[in-house]
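Understanding the architecture of this molecule
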Amino acid sequence: MSETKKLMYVNRKAPYGTIYAWESLEVVLIGAAFEQDVSVAFVDDGVYQLCKDQDTTGLGIKNFSATYKALGDYDVNKLYIEKESLEARGLTLDDLMPLVYEDEDDDWAEKDSIKVVSSQEMAELFEQSDVLFNF
Amino acid sequence: MKLSIQVNEGPYNHEASVSALNYTKAALEAGHEIFRVFFYHDGVNNGTRYTTPPQDDINIANSWSELADKHGLDLVVCVAAAQRRGIVDEGEQERNGKDGNNIAPGFRISGLGQLIEAGIQSERLVVFGD
């Protein structure tokens, strides 16, 4: 498999309540080994996946939010979050975990992985992708 | 066209599995190639041979097995999702010290890389589920 495709993982569900978000993150981590052009989208309730200070103690289930911080080390550093989905839920960028990566093309400067995009821009990103993995 | 199918829901709670089954049949009849069918999330529950629905209802797991046998389909169950939900083949039985296995004929348990590969190798990845 020498060809490189543009893969986009689309997260649409809240992190808890169903397992989709966690099992989606597992796909992203495994998929990183395939050396493709990867980006991850967060829309609808999927934006909650990136909220900071997640605490699942009351639920008695695993808090996997720290795993998102490892994405940068896996060269998964294009995280697109839909502006309209954030706004509809009363969230801003300040409510999200700061996720960063080290840019090897810029003397390993630390850069933000999260980019807020409009639904129109998100639609264009979908259009430009070769494969959409929906969760 | 070369297609891959992803099934994200179990066989009876949700119509996704039977829709995927019907879609796969129709695609094969129309002359398309099915590179792989990948079962993820609760979709792994399609891969047990122990389902026994009433006789007047469709046996969805058996239908997948029959379709795989007829067309040589590659039915892959995600190992991590299967381990969580108790879908076991002989290898998993041995590795995890279980007292039996329940994988249905035509299904195999493998890793998530099989889903990524299916996405890369196919012209379309068609996903069934919410």
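Here the structure is a predicted model, which means the values were calculated and not measured.

With that settled, consider the overall build of chain A. Tallying secondary structure elements over chain A gives three helices and seven strands in all. N-terminal to C-terminal, the α/β element order of chain A is β-α-β-β-α-β-β-β-α-β. Relative to the compact-globule value of 14 Å for 135 residues, chain A shows a C-alpha radius of gyration of 15 Å, a close match. Along the longest, intermediate and shortest principal axes, the C-alpha atoms of chain A span 45 × 30 × 30 Å. The burial tally for chain A puts 47% of its 135 residues in the buried class. Put simply, 79% of the contacts in chain A that link residues at least 6 apart link residues at least 24 apart. Total accessible area on chain A stands at roughly 7100 Å², and carbon and sulfur atoms take up 45% of it. Each charge class in chain A was averaged separately, 12 positive and 28 negative side chains, and the resulting centres sit 5 Å apart.

The next thing to look at is the pattern of salt bridges. All names here are of chain A. All chains considered together, the criterion is met by 14 salt bridges over all chains. We note a salt bridge from Lys-6 to Asp-37, for which the minimum N-O separation is 3.4 Å. You can see Lys-6 sitting in strand β1 (residues 6–11) and its partner Asp-37 sitting in strand β2 (residues 37–42), a full 31 residues away along the chain. Its salt-bridge partner being Lys-111, residue Asp-103 comes within 2.8 Å of it at the nearest N-O pair. With a relative accessible area of 14%, Asp-103 lands in the buried category.

Taken in spatial order, the five strands line up as β6-β3-β2-β1-β7 (chain A) in an open sheet, and their pairing is parallel. The open sheet terminates on both sides in strands that have one partner only, identified here as β6 (114–117) and β7 (131–134) of chain A. This sheet shows a mean twist of 25° between the axes of neighbouring strands, independent of strand direction. Against the sheet, helix α5 (residues 113–121) of chain B makes contact with β1 and β7 of chain A, and its axis sits at roughly 145° relative to β7 of chain A, the strand it touches most.

What counts and how
Residues numbered from 1 in each chain as written. Chains lettered and ligands numbered in written order. Predicted model: local features only at pLDDT ≥ 70, side-chain atom pairs only at ≥ 80, totals over all residues. Heavy atoms only, no water. Helix = DSSP H or I, 4+ residues; strand = E, 2+ residues; numbered from the N terminus. Rg over C-alpha atoms; globule rule 2.2 N^0.38 Å. Buried < 20%, exposed > 50% of the residue type's maximum accessible area, 1.4 Å probe, protein only. Contact = heavy atoms within 4.5 Å. Areas by Shrake-Rupley, 256 points an atom, 1.4 Å probe, with all protein chains shown as cover. Lys, Arg positive; Asp, Glu negative; His and termini not counted. Charge placed at Lys NZ, Arg CZ, Asp CG, Glu CD. Salt bridge = Lys/Arg side-chain N within 4 Å of Asp/Glu carboxyl O. Pairing = 2+ DSSP bridges. Axes fitted to C-alpha atoms, helices over the stretch in contact; angles between N-to-C directions.

The quantities given are spatial measurements derived from coordinates; they are silent on function.
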